[in-house]
Every structure is written in C-alpha cells, then in structure tokens.
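# Commentary on secondary and tertiary structure
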Amino acid sequence: MYEGAIQDLIDELGRLPGVGPKSAQRIAFHILSADPADVTRLATVLNRVKDQVRFCTTCFNVAESEQCRICRDPRRTNEFLCVVEEPKDVVAIERTGEFRGRYHVLGGAINPLEGIGPDNLRVRELMARLGSGEVKELILATDPNTEGEATATYVALLVKPMGIDVTRLASGLPVGGDLEYADEITLGRAFEGRRAV
Amino acid sequence: MPGYRRQLYRDDAVVLRVQKLGESDRIITLLSRRHGRLRAVARGVRRTTSRFGARLEPFGHVDLQIAGDPNGNIGGGLHTVSQVEAIQLYGKRFLDDYPRYTAACAIAETAERLSPIEREPSQRLFLLTLGALRALAAREHAGTLVLDAYLLRGMGIAGWAPALAECAVCGTRGLHKAFSVPAGGAVCPDCRPPGSAHPAPATLDLMIALSAGDWTVADAAEPGARRECSGLVAAHLQWHLERGLRSLPLVDRTTGEEQK
Ligand SMILES: [Zn+2]
Ligand SMILES: [Zn+2]
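All figures in this text were calculated on a predicted structure; none of them were measured in a lab.

Another aspect to go through is the overall build of chain A. Regarding its fold elements, chain A presents eight helices and seven strands. Once the C-alpha set of chain A is aligned to its principal axes, its extents read approximately 65 × 35 × 35 Å. The buried share of chain A, reckoned over its 197 residues, is 34%. The long-range fraction of contacts in chain A, counting pairs at least 24 apart against all pairs at least 6 apart in sequence, stands at 56%.

This paragraph deals with helix α3 (residues 36–52) of chain A. The end-to-end C-alpha distance of α3 of chain A is 24 Å, a good match for the 24 Å that 17 residues give at a rise of 1.5 Å each. With zero of 17 residues buried, α3 of chain A lies mostly on the surface of the structure.

Glancing now at the sheet that holds strand β5 (residues 137–140) of chain A. Residue and element names in this part refer to chain A. Ordered in space as β4-β3-β5-β6-β7, the five strands form an open sheet in which the pairing is mixed. Every interior strand has two partners, whereas the edge strands, β4 (102–105) and β7 (195–196), have only one. As judged from the two bridges shared by strand β6 (residues 165–168) and β7, these two strands associate in the antiparallel manner. What sits directly across from Thr167, in β7, is Ala196. Strands in contact with helix α7 (residues 146–159) are β3 (80–84), β5 and β6; relative to β5, the strand with the most contacts, it is inclined by about 165 degrees.

Tallying the contact residues gives 21 residues for chain A and 24 residues for chain B. Broken down by element, the side of chain A that touches chain B gets its largest block of residues, six residues, from α7 of chain A. Classifying every residue of the side of chain A that touches chain B by side-chain character gives nine nonpolar, nine polar and three charged.

Moving on to the confidence of the model for chain B. Summing up the model confidence of chain B, the mean pLDDT is 90 and the portion of residues at 70 or higher is 92%. Segment residues 256–260 of chain B: pLDDT under 50, and nine contacts once partners within four positions in sequence are set aside and those in other chains are kept.

This brings us to the packing of helix α3 (residues 143–158) of chain B against helix α4 (residues 201–212) of chain B. All names here are of chain B. For the pair α3 and α4, interaxial distance at closest approach is 8 Å and the crossing angle is 70 degrees. By the angle between their axes, α3 is roughly perpendicular relative to α4. Together, Leu145, Asp148, Ala149, Leu152, Arg153 and Gly156 of α3 and Met207, Leu210 and Ser211 of α4 make up the contact between the two elements.

Looking now at the domain arrangement of chain B. Accessible area lost upon the coming together of the parts is a frequently used measure of interface size. Here chain B is partitioned into domain 1 (7–89) and domain 2 (140–250). Look at where the C-alpha atoms of domain 1 of chain B and domain 2 of chain B centre, and you get two points 34 Å apart.

On to the environment of Gly185 of chain B, then. Residues and elements named next belong to chain B. If you trace the backbone, Gly185 turns up in strand β7 (residues 185–187). Expressed as a C-alpha distance, the spacing of Gly185 and Leu38, which sit 147 residues apart in the sequence, is 32 Å. Beyond its immediate chain neighbours, meaning those up to four positions away, Gly185 contacts Pro162, Ala163, Leu164, Ala168 and Phe179.

Once that is clear, we can look at the UniProt feature "zinc finger region: C4-type" (unreviewed entry) in chain A. Here, UniProt's "zinc finger region: C4-type" (unreviewed entry) annotation points to residues 56–71 of chain A. Between the C-alpha atoms that bound residues 56–71 of chain A there is a distance of 8 Å. The span itself is 19% helix and 12% strand.

Right, let's get into the pairing of strand β4 (residues 60–68) of chain B. Residue and element names in this part refer to chain B. A one-sided burial pattern is seen for β4, the buried positions being Gly60, Val62, Leu64, Ile66 and Gly68 and the unburied ones His61, Asp63, Gln65 and Ala67. Bridge analysis of strand β1 (residues 7–21) against β4 gives eight bridges, and the strand direction is antiparallel. Each bridged residue has a counterpart across the sheet, and for Arg10 the counterpart in β4 is Gln65. As paired strands, β4 and strand β5 (residues 79–89) are joined by eight bridges and run antiparallel to one another. Bridge assignment links Ile66 to a residue of β5, and that residue is Val81.

Looking now at the packing of helix α2 (residues 123–138) of chain B against α3 of chain B. Angle between the axes and distance between the axes are the two parameters that describe a pair of packed helices. All names here are of chain B. Between α2 and α3, the shortest axis-to-axis distance is 10 Å and the interhelical angle comes to 175 degrees. Relative to α3, the element α2 is oriented roughly antiparallel. Packed against α2, whose contacting residues are Arg124, Leu125, Leu128, Ala132, Ala135 and Leu136, the element α3 presents Gly143, Val146, Tyr150, Arg153, Gly154 and Ile157 at the interface. Here the residues of the contact of α2 with α3 are counted per class, giving eight nonpolar, two polar and two charged.

Formed by 113 residues in total, the largest nonpolar core has its most connected members in Val83 of chain A together with Ala104, Ile107 and Leu133 of chain B. Ignoring anything within four residues of it in the chain, the contact list for Leu133 of chain B reads Val14, Phe59, Tyr90, Ala104 and Ile107 of chain B.

Reading the values: the criteria
- Residues numbered from 1 in each chain as written.
- Chains lettered and ligands numbered in written order.
- Predicted model: local features only at pLDDT ≥ 70, side-chain atom pairs only at ≥ 80, totals over all residues.
- Helix = DSSP H or I, 4+ residues; strand = E, 2+ residues; numbered from the N terminus.
- Buried ≥ 20, exposed ≤ 12 C-beta atoms within 10 Å, placed from the backbone.
- Contact = placed C-beta atoms within 7 Å.
- Expected span 1.5 Å × (residues − 1).
- Pairing = 2+ DSSP bridges.
- Axes fitted to C-alpha atoms, helices over the stretch in contact; angles between N-to-C directions.
- Nonpolar A, V, L, I, M, F, W, Y, C, P; charged D, E, K, R; others polar.
- pLDDT = per-residue confidence, 0-100.
- Parallel < 35°, antiparallel > 145°, perpendicular 65-115°, else oblique.
- Domains from an automatic or database assignment.
- UniProt positions renumbered as here; feature names shortened; annotations may be inferred.
- Core = buried A, V, L, I, M, F, W, Y, C linked by C-beta atoms within 7 Å.

Right under this line is the structure:
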C-alpha cells in the first residue's frame, strides 16, 4: 500500500478490464515519472471522452453528435443493415472496405450466465428500425462464439417473419475468436460469402 | 514459491463458463470428473490463429491437460490449460436453437452453484451435468423438461430435493395435495403451512417422473403441468440458493412446448 494519490491511482487503474494489480502499479509509476504535458493530455482526453462522445441515436455506434459519421453519410445505403455487438466491430468491418450499408450496435451479446438477456441489448430499437421497410438484408455479424451465435439465432427468429433476408457471415472465422482479431482479408471473405439463415 | 509445485494433470470436464481475460485470454470454468470445479486460464484463444478456441466454448465435453497444482492453489495463482481435445462439443448443437441454449446456460450456472468449493470432486454432479447436456443436445425431450429434471436431481445431490411422494414435515407416505417451498415440498393436510400452493396432481406426477427419469410419463405431460412444474422447481431452487440464478429467468420457454 502506498499513500494518498498514488494508491488511489493504482486502485482506479486496477478496476480497468485486463489490468491486474501489478500492471496497475506499473502504469501508475509510469504516469508519475512521465512528462507533465503528456499526463495533462491524457487527463484531457479522459474527460473529453465522457463529455463529448455519446452513442448515435440511430445505430448506437460511438458518435460526437446526434448521429454517427456512418449514419450521416448520404453515400451509404439503408438497404443493408449489419448487426454487431460493439462499436469496435464496426471499426473492424469498416477496415475491410466491403460494406456500404449501415450498422446496428447491440451493445453486447445475449449471455444468460452473466444475466444479459435480449432486453438488456438494443434489440427493441433494432426491431423499430426494421419497421420502416427500407432494409432488404440484415447481416448478422456477431462474434463467432457461442454467445454471438445464440444472439444471431435469436435475432433471426424475430426478423424472419418480417420478410427481410437474414444472413450470417461465412465460416472461415474461427469459432471462439473475437471479430476484432480477424484480419481484413478473412473478414472481407466472410462478408462476401455470407449465407442465409 | 515455497511448497508450490506446478505440474501437469489430466482430466475430462464440462465447460461451464467462459470469460474474457485481458487482451486475448479467457478464464474457463470447468466441472471435471476427478478434480471437481476448476478455473483455468486459456492463453491466446481469442486470437483467430488459436486452435483451442473452438474446443473451449461453453457446454463442451473436453479432455484437458492443465498446468497447476491439482491439490490446491496456495500461492499458485490460476491454473492454465496446456492442451485440450474435444470429446463432444455439445455447445454447437444449441447454436441454432435459442430455447435450448438458454436451458444449457441454466444447467451450467446451476452446476457452478452446486459445486461451491473449487477442487472438491463430485462425480455424481459431473455425470448428471454431462448427461443433461447430452440429453439437451439429443433433442429427444423438450428442453425445459431436461432442465427441470436436472434441477430436481441436482437438488437431490445437494441434499435438498423437494419431498414429492411423502409429506415434507411428518413423512407420511402418499401423494399430498399441498406444496410448500419453505416446508420442503409436498405437505399433508395436518402439516400444511398457511400460504401453501395447490398444484394439479399431474404436476406432482411430472415432478416425480422427472426425478426418477421416467421419460414416458414426462414426455406425455400437458403444457399446464410443465409450466407449473417449472415454477415449483425454480421456486424450490431459489429458496435454497443464497443468491438467485441469473440465467433461470432468461430461459426461453416459449417454443419449448411446441418443439417436442
Ligand atoms: Zn449511427
Ligand atoms: Zn405431514
């Protein structure tokens, strides 16, 4: 245990995902010895991210205004809607350059063991968007693991009676992996070879 | 670390829960045949180059080699999965069947809660859990029936199965009409506490059939009896667990009745 501010910093860092007590201590002492200008910049972006970044009111991607960059882009089509778990998955798919439609960010996957059911995700908002009738194909790009697949199955079950084509990314994505770790080529192929569900 | 020996040990196990750890690792909660409930780290499995990832998805029956001290964790930290082979990956069979997926989640969470102490072997619980996942995957019976049978028998292993064919209070044999969760199950007219439920006789018949593994009777049960049975089983389970199960209210029972 250290005294005062440095211990507070270690405690706060230790609450971050993936940061153990040893890493928290290492980062805290790194910050302590860093250039004051660097630390000020870090503090500024930390404050700014909470103040300015919000969720797009349409797709729930991160945005700096009412709507995100992708929802505002007039060159993109509403005919294709791609459902992902997290904003980082939008980034991964955008990197492939394969997709010209829009997104819907669920905010996670259905995971009953963690107490997360459909009502804890933005499923109702998705159904409301589909009600407009503009979407021709719904692409389910949840993670290729058990929770992601189960979430895709659940959404497909809801959407299919609406007469919208529902597709899933092709295999080639290894089961158990995170979408964000797929390289552009694999993810691009998975997109091209998507199959109806 | 003094007194700590890191060694390899091997066992077969059911994967109960998978949680992300750091950038690309996972913590796997396992119910093993000989070493009870274990938690082990699987390194790098979320990278797309990992061959292990698919084998360590929830609800699989796997053969593992684990590095760690099989007798304790004093100063040893988390064990790590060093090798894993699939015996039967039941999780794959639930991916296109949402109600069965939610039932599998409730089975896994119950297994975890019925094995509160890590590394305390319970072969009965292991075999019951493995059997339930196998039955769920085989799709021979409704998912909700498989789940309720598992919960009833799991409570039996824990020592708090509801009394069904005798009075929970005085032990008088016979089928009693009242059911009281706090009293411990079916109760006779003399022992019946105020506020007891009065389930349909068919509901108690179903609960007896599920406890005994009499699937001919269970499969023939009407939707009303199934629903009432699920309600009583859930209430009995929640009464005995300190905290409620998170997955049980999320079990999708809507299509469970239509699909066999
Ligand atoms: Zn948007
Ligand atoms: Zn009695």
